[in-house]
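Each chain is listed here by its residues.
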Amino acid sequence: MASGTSGAEPKVETFGKTKAGETVEIYTIGNESGFAARIMTRGATLVNLYVPDRDGKLADVLLGFDNVSGYESEGNQYFGCTTGRVCNRIARGKFSLDGKDYTLAINNDANHLHGGVERSLDKVVWKAKAFSSDKGQSVRLTYTSPDGEEGYPGNLEITVAFFIPADRNTLNISYKATTDARTPVNLTNHAYFNLSGEGSETVLNHRLRLNADHYTPTDDTLIPTGEIAPVEGTDLDFRTLHRIGARIKSVGETAAIGYDHNFVLNERAEDAEMTLAAVLVDPASGRRMRVMTTEPGIQFYSGNFLMGQEGKGLKTYAHRSALCLETQHYPDSVNHPDFPSTILNPGDVYESKTSYNFGVVESQDNDK
Ligand code: BGC
């Protein structure tokens, strides 16, 4: 269902009910070109993103499901959700803060992944409100995660706002959080992109550029060793546009079983609010996405665990048929004092911004 909003007010509809009986709403925001996003209140999740190709034809470039039960099923691998309280891994689900030890759920080998199991941010139902002005349309979602939820300290009040300006095909996501006790926070969005449209075969022919001279090497359970290593001379060197499939075979033979790495973004210019993190180009459709962020890192995950599950419109989501570009602080930062800190103090405001800007290219090598 392609749905531009033609300058109308953001639309709100009922998307369905969770197993627990909570009503889930879905909001549509967009601009007059037909560029539009749909965001549901379960998990503050980006469900659809309609983007024009080089001929102006819209396609939904995000993997996902047509209903709430799809999102509650085993087939959902964090599709489009707001991920946290701490995205990515915390080694063995343990950390210490101010002399106190915390133990979190183990849900990924020996480690804690993406905020936990039952009440991680992707699984709870958020409150939402839509806004509209001549500048654009937005939906703002809020959730208060109580002290101790999923083992994390502090009552954490979180706001995630999705905004589409009237005059650009850009989706901005801004995150804010406050706490009443010191606690780690690291929020991202886990959208799975296929710029040919969800349900298309693989993303191995997409071209990717990452603005990163370094990455964080890991052990065999994908926990950073603490080293910051150069990408130069490795299969992780995406400093110029590269075909994703070109070197994936050898990366596939490592513990990461494909690309599943945190890249250390090159420092932004002093007067710039955000860094250019990634450029993704699909030569087939001509769609080009630029990711800008205030975050110091980005996880490039090449959909290695996609397993042919059934998604929107009964389409099959094959192995590597989408990729994630998750802007973030580095994985397991809470156990690495040398990494940029993820600790939020009472009285401070956690703030993070990422923007996804879309355009088209005529030829596959043009990433301008
Ligand atoms: C992780 C992957 C994981 C995927 C889906 C990514 O952020 O780095 O290892 O399989 O999310 O859960």
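The paragraphs below set out a description of the structure included in this document. All values derive from a computational prediction rather than experimental measurement.

## Overview of the overall build of the protein
So, step 1. Counting its secondary structure elements, the protein contains two helices and 29 strands.
So, step 2. Its C-alpha atoms give the protein a radius of gyration of 19 Å, within 12% of the compact-globule value 21 Å for 368 residues.
So, step 3. With respect to the principal axes defined by its C-alpha atoms, the protein has extents near 60 × 50 × 45 Å.
So, step 4. Buried residues in the protein amount to 57% of all 368 residues.
So, step 5. Considering only residue pairs separated by 6 or more positions, the protein has 67% of its internal contacts joining residues 24 or more positions apart.
So, step 6. Surface exposure of the protein reaches about 14900 Å², of which carbon and sulfur atoms provide 47%.
So, step 7. Mean positive and mean negative side-chain charge positions of the protein (36 and 49 charges, respectively) differ by 3 Å.

## Quick look at the site of the ligand
So, step 1. Lining the immediate environment of the ligand, one finds Tyr-78, Asn-88, Arg-89, Leu-113, His-114, His-190, Tyr-192, Asp-260, Gln-299, Tyr-301, Phe-305 and Glu-326.
So, step 2. In the model, an oxygen atom of the ligand is placed 2.6 Å from a nitrogen or oxygen of the Arg-89 side chain.
So, step 3. One of the side-chain N or O atoms of Gln-299 is found 3.4 Å from an oxygen atom in the ligand.
So, step 4. Bound to the protein, the ligand loses 95% of the 300 Å² it would expose on its own.
So, step 5. Its residues placed into classes, the shell around the ligand shows five nonpolar, four polar and three charged.

## So, the packing of aromatic side chains
So, step 1. Applying the stated criterion to the full structure yields 15 aromatic pairs.
So, step 2. An angle of 85° between the planes, with centres 6.1 Å apart, marks the rings of Tyr-192 and Tyr-301 as edge-to-face. Residue Tyr-192 is located in the loop between strand 16 (188–189) and strand 17 (207–210), and its partner Tyr-301 is located in strand 24 (residues 297–301); the two are separated by 109 residues in the primary sequence. Each member of the pair, Tyr-192 as well as Tyr-301, carries the same accessibility label: buried.

## Here we look at the nonpolar core
So, step 1. Leu-49, Phe-162, Leu-171, Phe-300 and Leu-325 are the most contacted members of the largest nonpolar core, which totals 59 residues.
So, step 2. Among the elements that line this core, the one with the most residues is strand 13 (residues 156–165), at five residues.
So, step 3. If we skip the residues at most four places from it in the chain, Leu-171 touches Ile-29, Phe-35, Ala-37, Leu-46, Leu-49, Phe-162, Phe-163, Ile-164, Thr-354, Ser-355 and Tyr-356.
So, step 4. Core analysis: the next-biggest nonpolar cluster, separate from the first, contains 17 residues, Phe-15, Phe-79, Val-125 and Leu-306 among them.

## Overview of the sheet that holds strand 19 (residues 229–230)
So, step 1. Spatially, the five strands line up as an open sheet ordered 19-18-21-24-27, and their pairing is antiparallel. Each of the sheet's edge strands pairs with one partner strand only, and the pair in question is strand 19 and strand 27 (324–328).
So, step 2. Pairing geometry for strand 18 (residues 214–215) and strand 19, over two bridges, is antiparallel. Across the sheet, His-214 pairs through a bridge with Pro-230, a residue of strand 19.

## Notes on the environment of Thr-28
So, step 1. Its location among the elements puts Thr-28 in strand 2 (residues 23–30).
So, step 2. A residue is classified by how much of its surface remains accessible, and Thr-28, at 2% relative accessible area, is buried.
So, step 3. Between the C-alpha atoms of Thr-28 and Leu-49, which are 21 residues apart in sequence, the distance is 9.7 Å.
So, step 4. At 3.5 Å, the side chain of Thr-28 forms a polar contact with the side chain of Arg-38.

## Description of unusual backbone geometry
So, step 1. Omega for the peptide link from Gly-84 to Arg-85 comes to 10°, which places this bond in the cis form.
So, step 2. Although it is not a glycine, Glu-150 adopts a positive phi angle of roughly 55°.
So, step 3. Within the fold, Glu-150 resides in the loop between strand 12 (136–145) and strand 13.
So, step 4. Given a relative accessible area of 16%, Glu-150 falls into the buried group.
So, step 5. Positive phi outside glycine occurs at Ile-257, with the angle close to 45°.
So, step 6. Within the secondary structure layout, Ile-257 lies in the loop between helix 2 (248–252) and strand 21 (260–264).

## Structural notes on the pairing of strand 3 (residues 36–40)
So, step 1. Counting buried positions over the five residues of strand 3 gives five, a clear majority of the element.
So, step 2. Of the two faces of strand 3, the one carrying Ala-36, Arg-38 and Met-40 and the one carrying Ala-37 and Ile-39 are both buried.
So, step 3. The sheet contact formed by strand 2 and strand 3 spans five bridges and is antiparallel. Bridge pairing in strand 3 places Ile-29 opposite Ala-37.
So, step 4. Counting the residues in the hairpin turn of strand 2 and strand 3 gives five residues, including Gly-34, whose phi is positive at 100°.

## Considering the sheet that holds strand 29 (residues 350–360)
So, step 1. With respect to topology, nine strands assemble into an open sheet ordered 11-12-13-14-29-23-22-17-20, the strand pairing being antiparallel. In this open sheet, the two strands that pair with only one neighbour each are strand 11 (127–133) and strand 20 (242–243).

## A closer look at the pattern of salt bridges
So, step 1. Under the definition given, this model contains 13 salt bridges.
So, step 2. With a closest N to O distance of 3.5 Å, Asp-167 and Arg-168 form a salt bridge.
So, step 3. Owing to a relative accessible area of 60%, Asp-167 belongs among the exposed residues under this scheme.
So, step 4. Since its relative accessible area comes to 45%, Arg-168 is described here as partly exposed.
So, step 5. Of the charged contacts in the structure, one is a salt bridge between Arg-239 and Asp-213, with a shortest N-O distance of 4.0 Å. One end of the pair, Arg-239, is in the loop between strand 19 and strand 20; the other, Asp-213, is in the loop between strand 17 and strand 18, and 26 residues separate them in sequence.
So, step 6. The exposure class assigned to Arg-239 is partly exposed, which follows from its relative accessible area of 31%.

What counts, and at which threshold
Here the residue numbering is sequential within each chain, running from 1 through the sequence in written order. Where local features are concerned, this predicted model is filtered to residues with pLDDT of at least 70; where side-chain atom pairs are given and counted, the filter is 80 or more; whole-chain, interface and lining totals use all residues. Neither water nor hydrogens contribute to the side-chain values; these are computed over all heavy atoms in the structure. In this text, helices come from DSSP runs of H or I with a minimum length of four residues, and strands from runs of E with a minimum of two, each type numbered from the N-terminal end. Every radius of gyration here is taken over C-alpha atoms, with the globule rule written as 2.2 Å times N^0.38, N being the number of residues. Burial classes: relative accessible area under 20% of the type maximum marks a residue as buried, over 50% as exposed, and values in between as partly exposed (1.4 Å probe, protein chains only). Contacts between residues were defined by any pair of non-hydrogen atoms, one from each residue, lying within 4.5 Å. To measure how exposed things are, a 1.4 Å probe is used in the Shrake-Rupley method; for residues, cover is taken only from the protein chains shown. Charge assignment in this entry is limited to Lys and Arg as positive and Asp and Glu as negative, and neither His nor the chain termini are counted. By convention, the point assigned to a charge is CZ for Arg, NZ for Lys, CD for Glu and CG for Asp. Throughout, near means a residue has at least one heavy atom within 4 Å of the molecule or strand. Polar contact criterion, stated in full: a pair of N or O atoms within 3.5 Å, where within protein one must be able to donate a hydrogen and the other to accept it, and residues adjacent in sequence count only if both atoms are side-chain atoms. For this scheme, ten residues count as nonpolar: Ala, Val, Leu, Ile, Met, Phe, Trp, Tyr, Cys and Pro. Four count as charged, namely Asp, Glu, Lys and Arg, and the remainder, Gly too, count as polar. Each pair of aromatic rings taken from Phe, Tyr and Trp, with Trp reduced to its six-membered ring, is defined by centres within 6.5 Å and is described as stacked if the planes are under 30 degrees apart, edge-to-face if over 60, and tilted in the remaining cases. Remark: nonpolar core denotes a set of buried residues (Ala, Val, Leu, Ile, Met, Phe, Trp, Tyr, Cys) joined through side-chain atoms within 4.5 Å. Two strands make a pair as long as DSSP finds a minimum of two bridges between them. Salt bridges, as used here, are contacts in which a Lys or Arg side-chain nitrogen is within 4 Å of a carboxyl oxygen on Asp or Glu.

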